[in-house]
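Structural features, examined
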Amino acid sequence: MTDKQPYRLAEGGHIDRTRPLAFRYNGKSLVGFDGDSLASALLANGVDIVGRSFKYHRPRGIVGSGAEEPNALMQIGMGARTEPNVRATQALLYEGLEARVIKGWPSVEHDVQEVLGVAKNVFAAGFYYKTFMGPTQRAWQWFEHPIRKMAGMGESPAEPDADTYTHRHAHCDVLVAGAGPAGLCAALTAARAGLRVVIADESPRFGGRLLDGQERVDSKPGHKWAHAVQRELESIESVRVLTNSTVIAYHDHNFLTISEQCLRQGEASSAANPRQRLWKVRAKQVVLAQGAFERPLVFCNNDRPGVMQASAVSTYINRYGVAPGRRAVVFTNNDSAYTTALDLHRAGVVVAAVIDSRAAAGAVAKSVIDAGIAVHANSVIFDVKGRKRVAGAKIDTLTNGGRGLAGDSALIDCDLIAMSGGWSPAVHLHSHSGGKNQWDDQKLCFVPGVSPQACVSAGSGNGKFELAEVIEDGLRAGREVCATLQADVTHFGVSTEATDGPSPIEALWRVPSPYHPDKGPKQFLDYQNDVGVSDVRLAVREGFRNVEHVKRYTALGFGTDQGKLGNINGMAVLAELLGEDIPSVGTTTFRPNYTPTAFGTIAGPDVRDLYDPIRKTALHEWHEQAGAKFEVVGQWHRPWYFPKNGEDLHAAVNRECVSTRESLGIMDASTLGKIEVYGADAKAFLDIMYTHDIGKIEVGRCAYGIMLGEDGMVKDDGVMARVAENHYYLTTTTGGAAAIYAWLEFWLQTEFPHFDVYLTSSTDHNSTIAVVGPNSRKLLQKLTSDLDFSKEAFPFMSVKSGTLADIPVQVFRISFSGELAFEINLHSDFAMCMWKTLMSAGEEFNITPYGTETLHVLRAEKGFVIIGQDTDGSVTPQDLGMHWLLSKNKDYVGKRSLSRPDCVRTDRKQLVGLLSMDGKSVVEEGAQLVEDPEADFPVPLVGHVSSSYYSACLGHPIAMALLMGGRKRIGEVLYAVSPSGERVKVSVCKPVFVDPKGDKQRV
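This report concerns the structure included in the present document. None of these values were measured; they are calculated from a predicted model.

Criteria and thresholds
Each chain carries its own residue numbering, running from 1 in the direction its sequence is written. Local features are withheld for residues below a pLDDT of 70 in this predicted model, meaning they are given only at 70 or higher, and side-chain atom pairs are given and counted only at 80 or more; totals for whole chains, interfaces and linings count all residues. With hydrogens and water set aside, each side-chain value is computed from the structure's full complement of heavy atoms. Salt bridge criterion: a side-chain nitrogen from Lys or Arg within 4 Å of a carboxyl oxygen from Asp or Glu. Here a helix means four or more residues in a row that DSSP labels H or I, a strand means two or more in a row labelled E, and each is numbered from the N terminus. Here the term buried applies to any residue with accessible area under 20% of the maximum for its type, exposed to any over 50%, and partly exposed to those in between, with areas from a 1.4 Å probe on protein chains only. DSSP bridges decide pairing: two strands pair if at least two such bridges lie between them. Two residues qualify as a contact provided that any one of their heavy atoms is within 4.5 Å of a heavy atom in the partner residue. Each axis is a line fitted through C-alpha atoms, and for a helix only the stretch in contact is used; angles between axes span 0 to 180 degrees, taken between their N-to-C directions. Take the buried residues of types Ala, Val, Leu, Ile, Met, Phe, Trp, Tyr and Cys, join any two whose side-chain atoms come within 4.5 Å, and each joined set is a nonpolar core. By definition in this entry, angles of less than 35 degrees are roughly parallel, angles greater than 145 are roughly antiparallel, angles of 65 to 115 are roughly perpendicular, and the rest are oblique. By convention the crossing between two helices is left-handed if the near helix lies anticlockwise of the far one by an angle smaller than a right angle, and right-handed if it lies clockwise. Classification used: nonpolar for Ala, Val, Leu, Ile, Met, Phe, Trp, Tyr, Cys and Pro, charged for Asp, Glu, Lys and Arg, polar for all others including Gly. Side-chain atoms alone can form a polar contact between residues adjacent in sequence; in general such a contact is a pair of N or O atoms within 3.5 Å, and within protein one must be able to donate a hydrogen while the other accepts it. Ring pairs are drawn from Phe, Tyr and Trp, using the six-membered ring of Trp, whenever the two centres fall within 6.5 Å, and their geometry is named by plane angle: stacked under 30 degrees, edge-to-face over 60, tilted for the rest. A positively charged side chain is recorded as over a ring if its NZ (Lys) or CZ (Arg) lies within 6 Å of the ring centre. The angle to the ring normal must also be within 35 degrees.

Description of the pattern of salt bridges
Evaluation of the coordinates by the stated rule reveals 47 salt bridges. Here Arg661 ties to Glu819 by a salt bridge, and the two come within 2.9 Å at their closest N and O atoms. One end of the pair, Arg661, is in helix H17 (residues 649-662); the other, Glu819, is in the loop between strand E42 (807-813) and strand E43 (821-827), and 158 residues separate them in sequence. Its relative accessible area of 3% is what places Glu819 among the buried residues. Here the salt bridges do not stand alone but share partners, grouping Asp879, Asp902, Arg905, Asp907 and Arg908 into one network.

Some points on the sheet that holds strand E25 (residues 416-420)
Strand pairing within a sheet occurs via backbone hydrogen bonds; the two strands may be parallel or antiparallel. The parallel open sheet is built from 5 strands, whose spatial order is E17-E25-E18-E19-E20. This sheet does not close on itself; its edge strands, each paired only once, are strand E17 (307-309) and strand E20 (375-376). In this structure, E17 lies alongside E25, joined through 3 bridges in parallel fashion. Across the sheet, residue Val307 finds its bridge partner in E25, namely Ile417. On top of the sheet, helix H6 (residues 310-318) reaches E17 and E25; it is set at about 85° to E17, its chief contact.

Considering the nonpolar core
Counting 55 residues, the largest nonpolar core has Phe23, Tyr25, Leu38, Leu42, Met74, Tyr316 and Leu344 as the members making the most contacts within it. Ranked by residue count, the leading element in this core is helix H1 (residues 38-44), at 6 residues. Contact partners of Leu42, with chain neighbours within four places excluded, come to Phe23, Tyr25, Leu30, Val47, Val50 and Met74. Counting 38 residues, the second largest nonpolar core, distinct from the first, contains Val174, Ile199, Val217 and Phe492.

Here's the deal with the packing of helix H4 (residues 181-192) against helix H10 (residues 467-484)
Where H4 meets H10, the axes come as close as 7 Å, and the angle between the chain directions of the two elements is 30°. When the interaxial angle is binned, H4 and H10 end up roughly parallel. Judged by the twist between their axes, the crossing of H4 over H10 is right-handed. Facing Pro181, Ala182, Cys185, Ala186, Thr189 and Ala190 of H4, the residues of H10 in contact are Leu467, Val470, Ile471, Gly474, Leu475, Ala477, Gly478, Arg479 and Cys482. Counted by class, the contact of H4 with H10 contains 11 nonpolar, 3 polar and 1 charged residues.

Considering the environment of Asp163
With respect to the helices and strands, the residue Asp163 is situated in the loop between helix H3 (139-151) and strand E8 (165-177). The class of Asp163 is buried, set by a relative accessible area of 6%. Between the alpha carbons of Asp163 and Asn333 there is a distance of 46 Å; along the sequence they are 170 residues apart. Among the polar contacts listed, one links the side chain of Asp163 to the side chain of Arg81, at a separation of 2.7 Å. One polar contact links Asp163 to Ser269, side chain to side chain, over a distance of 3.0 Å.

Points about the sheet that holds strand E38 (residues 727-732)
One open sheet accounts for 5 strands, arranged E36-E37-E38-E35-E39; its pairing is antiparallel. The two strands at the open ends of the sheet, each matched to only one other strand, are strand E36 (702-708) and strand E39 (758-761). For this sheet, the mean angle separating the axes of adjacent strands, direction not counted, is 30°. Summarising the sheet, strand E35 (residues 673-678) and E38 pair through 6 bridges and their orientation is antiparallel. Within E38, the residue paired with Tyr678 across the bridge is His727. Most of the contacts of helix H18 (residues 682-689) go to E38, to which it runs at about 30°, and overall it touches E35, E36, strand E37 (714-724), E38 and E39.

Comments concerning the pairing of E36
Burial analysis of E36 places 6 of its 7 residues in the buried class, the great majority of the element. Of the pairings in the sheet, the one linking E36 to E37 comprises 7 bridges and is antiparallel in character. Opposite Tyr704, over in E37, you have Val719 as the bridge partner. Turn length for the E36-E37 hairpin, with the two strands adjacent in sequence and antiparallel, is 5 residues, and the turn residue Gly712 shows positive phi of about 85°.

Looking at the pairing of E38
Two faces make up the sheet, and in a regular strand the side chains alternate between them. For E38, the buried fraction is high: 6 of the 6 residues fall into the buried class. Of the two faces of E38, the one holding His727, Tyr729 and Thr731 and the one holding Tyr728, Leu730 and Thr732 are both buried throughout. Judged from the 4 bridges that link them, E37 and E38 form a sheet pairing that is antiparallel. Pairing of Met720 across the sheet is with Leu730, part of E38. Hairpin remark: E37 followed by E38, antiparallel, with 2 residues in the connecting loop.

A few points about the packing of aromatic side chains
Inspection of the entire model under this criterion finds 20 aromatic pairs. Taken together, a centroid distance of 4.3 Å and an interplanar angle of 25° make the contact between Phe544 and Tyr553 stacked. Judged by its relative accessible area of 25%, Phe544 is partly exposed. Between the aromatic rings of Trp640 and Tyr641, the centroid separation amounts to 5.3 Å while the plane-to-plane angle is 70°, which identifies the pairing as edge-to-face. Overall, the relative accessible area of 27% leaves Trp640 in the partly exposed class. For Tyr641, a relative accessible area of 10% gives the class buried. An aromatic cluster is built from Phe685, Trp743, Phe746, Trp747, Phe752 and Phe755, whose rings are joined through pairwise contacts. A cation over an aromatic ring shows up here: Arg192 above the ring of Phe492, its NZ or CZ 4.4 Å from the ring centre. Directly above the aromatic system of Phe465 lies the positively charged group of Lys443, at a separation of 5.8 Å from the ring centroid.

Set out below in C-alpha cells:
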C-alpha cells in the first residue's frame, strides 16, 4: 500500500500506475490512476463516507462496484457541465475531476441532520402520507423545501448544457447485451457465422466477472482471454463493438436503445465527438447476457460504511488493486463469498473469519481453512459495531431452523464486512421485453421465463452462476440465434478449470434480531430509500398486501438503483409476514431505463435551434427578400406580415387588410395540411370521420367540414373537394396536419381495415397560393386560356383543373376572408414561378402580399373560427353555431358524445362577438369576461376572449369570445379584464362584423 493512497495495493489490478490522475472530492485533493473508477479511487484514498441516507441521514459507504450501487451518488463536474446523481462506481476517473456529495450539512462527514435517526418511528413507512398533510393543501408548502433540501438528491445545472449529444440508428442480426463470458461466447459464435452483430457493455473493457477474479479460461487468465475475444470481434467487419455502453431499454418489435458514454466527463465534446450517443437498434435476435447482482444480507446496522458486497470487494482487489479494508469478516449463505475470502487473503488483508449461515459449506471451505482462515458454520452476523465505519461484527449461532439465535454472541474486530446473500439474475431487459420471470427454488432467485419477443437469456442472467456453465450457456445462446437465422455455425469449445461443484445455497432473507422489532436497530433492505424490515412489517400491519402497494407505501425499490439490491430480500420478508411463498408474492415491475440516463442523451441533437424541425415553403426565399417577418406555426415559418417603409406590425396589417378588401391581396397558404383520399370506400370512410353528408358533394364541388374527437369536441376543420368519383382532396389546419393524418390512419387501420381506402399526404408536394379580393377574378382570367373564372362557369365552392401561365393547376373557389377569392394548388416546383407571375400581372391592381396576422383579422371580421385559437378542446360544434354541419342522416365519430348532458347545457360557453364600448380599446386576447369587476373574490367568470384585433376596414376594434349562454346575451354589457388588470367595457354582439350575408364572396 502507498502513502498517498493508503488502501492501494502495491501491485495488481488493470490500472495504469504510470499515469496518476489528480481529482477533488468535496474540495479535498486526492490522487488515483488511469483506469480507476471514482469509487475505487475513493476507496484507495481511505474515504469511508460517500453519502447520507435519505430519511435518517445515516453515514453511508460504498456497497457495490457497478450499476447496483445505492449510496455513492455524486455531483460530478462544475458549472454547465455538472451532472447530478452519478454513481461513483460508474464514473471513470480523469484528470481534474470534481466530485462532491450534496447530502450532509455542514459536511457529509459531520451531518447534524443525523439526529433524525432518533425519530425513526416518525419517519417510518408512509411518513410522508401522514406527517406533512395538514388541513389545507397549502400545508405541504411548509415542509416541501426543507424535505427536498434534506433529501439531497443532486442539483440540476443552472446553465445551458454545454455538451453535444447525438443519436444513431442501427440494424443487426444479433444484439448482445452484456460482454461477460456468456455474452462474449454468444457474440463470437454469431460473428463467426457471418451474422451482423452488435455487442454492448457498460464497462470500458469486455470481460465482466473475468476482470474481477483469478479464474482461467482456455488456460489463460480470464481477463486475457476476454481481451483476445474482444480484439477478434473488433477485427470482424460485420461486428460493432460498443464499450462504455448500456442497453437501457427493450421495446416492442426487438427495438432496443443503448446509451454510449463517448467521452469522459472532463473532455470537451463537439458534433464530431459527442459526450454521449443514444443508439436505436433494430435486431432480428437478442441475447441478454447482463449477468447477476449479488444480494446483500439483512442484519442490524447492515448499512454502516465498510459493509460491502463480497463480489464488489473482489472487484476492487482484482480490477483496481484496492483493498477496501485491513481486517475483514466474510458473511455468506453460499459458496461465492469464499472466493472473496481468498482474494482478501492474497491481497494481504487479514480475514478474521468466514461466517456461514449454512450447517456446512462443503469442499469450497477447504482452501479457505488451509489458508488459516477460521470458518464459523451455522452462524450469522446479527449486528455491527461502529457508527461512521465498521469496527466489529457481532456474531451468534442460529437455532430453531434458522429462526432464532442461541445467545452465545461474540464480537470480532474488523473494519470490513464482505457479505453475500446469493445472486439475482439481471432480468430487467427481459421484463422490458414483456417476458415473465420464474422462481427457482434451488438457486433462490427469479430467472427469465419465456419472452414474447425474439430473445434468449444466457449466463448469470439466466441463472447460471458457475463459470463453466456460464460459458456453455453463452455458446448455447449463440448457436440458438444462429439456427433461428439459418446461419452456418462453427462449433468450438471454451475450457475452464474443473471445480468440485457448488454447495447449495440456503435461504437467509433476514438474520433474526435479538432486539425489539420496532425499537431495535434497523435491518435495511433498501439502502437508498432507508427502507428496513420494520417498514415492510408496518405496511403489512396497515393492510398492504400486494407487492406493488407495499413498494409505493414504503418506497422499496424506488430511486436510481430500481431495487437491484433490495427487491428480492424485500419480497421475501413480505412473503414471510403474509405467510406466503415468494412466487405468490411476486416482484415489482421493472421499467425502462435500466440505469439513469441523462436528459441530454435522450434529447440528442434536437435542442436549441434544432429542438423543433424548421419547415419552409417553396416561396420562403421570396418572402425573406420582401422583408417579411415570420412566425412559427406547426413548425412552418410562415410570413407574419410584410412591413414597408419602417411600418410596425399594426401599420403593415392595416395596409394589407385594406388593400385586400378594396382590390387584391395574395397569400402563401402552402402550409395548410393536404390529404388525398382514394378508393371505392372513400365516401363511406369520410362519412364516418366528418359530420356533414359527404354524399351530397358532387364531383367538382367543395364543402366546408369539421371533424370531432370521440368526446364530441371540435378537432379540426377544413375544405373538402370531390375531385373524382372516388377521389377526395382534404385540407386541414396548419398545426393539425400531421395529427389529423395520423388520426385518419388510426381509424382506417384499427377500425376499418376492410375499407378500400388509401391516404396520401401532399402537404409538402403541393403549394397553395390564395388570390383574394374584388380584382382576383380579373387577375386570373388574364393568365389562362382554358379556364373560365366567371361566376356562372366557376361558382362559389367549386374546383377546376387547368393551366395558369402555362402551369398545370387545380383551382378552388373558396374564401377564408369573405371576399371573392381563389386558391391555386400546384406542384411546389412551379410555386415560385407562379408567385412571381401573379405579382407581376397584379401590379395594375396594387397586388399586396399579406401574412398570417392579416389573415386572422380578415377571418375575424367574417366570424370565421381558427381551431386551436377560438377552441380549446372543450368546444362543440353547437358552441360555435355550427349546427348546420351536423348530419341527422348518419353516424360519425363523436356524434353520441354530443348528446351527453354536459354537451346540451344551455349555459355552455358559446361563440359571440364583442365591441369595445369606447370604440378604440383593443381587448387583450385571453382576457376574462365578468359581469361586475368590483364583485368580491372570487369574481365569477362568464367567459374569455379568444381573438381580438383592430379592424382598419371597420375603423374600430373587434373581438370574438366564448361566453356562457352567449347567444342569448346579445346586447349585454360586460367587462373584459386582462391579466394586467386592464378593464374594457364591451357589448356582446353576433360574431360576424363584415358582410353578414356573404354576398361579397359569391359575386
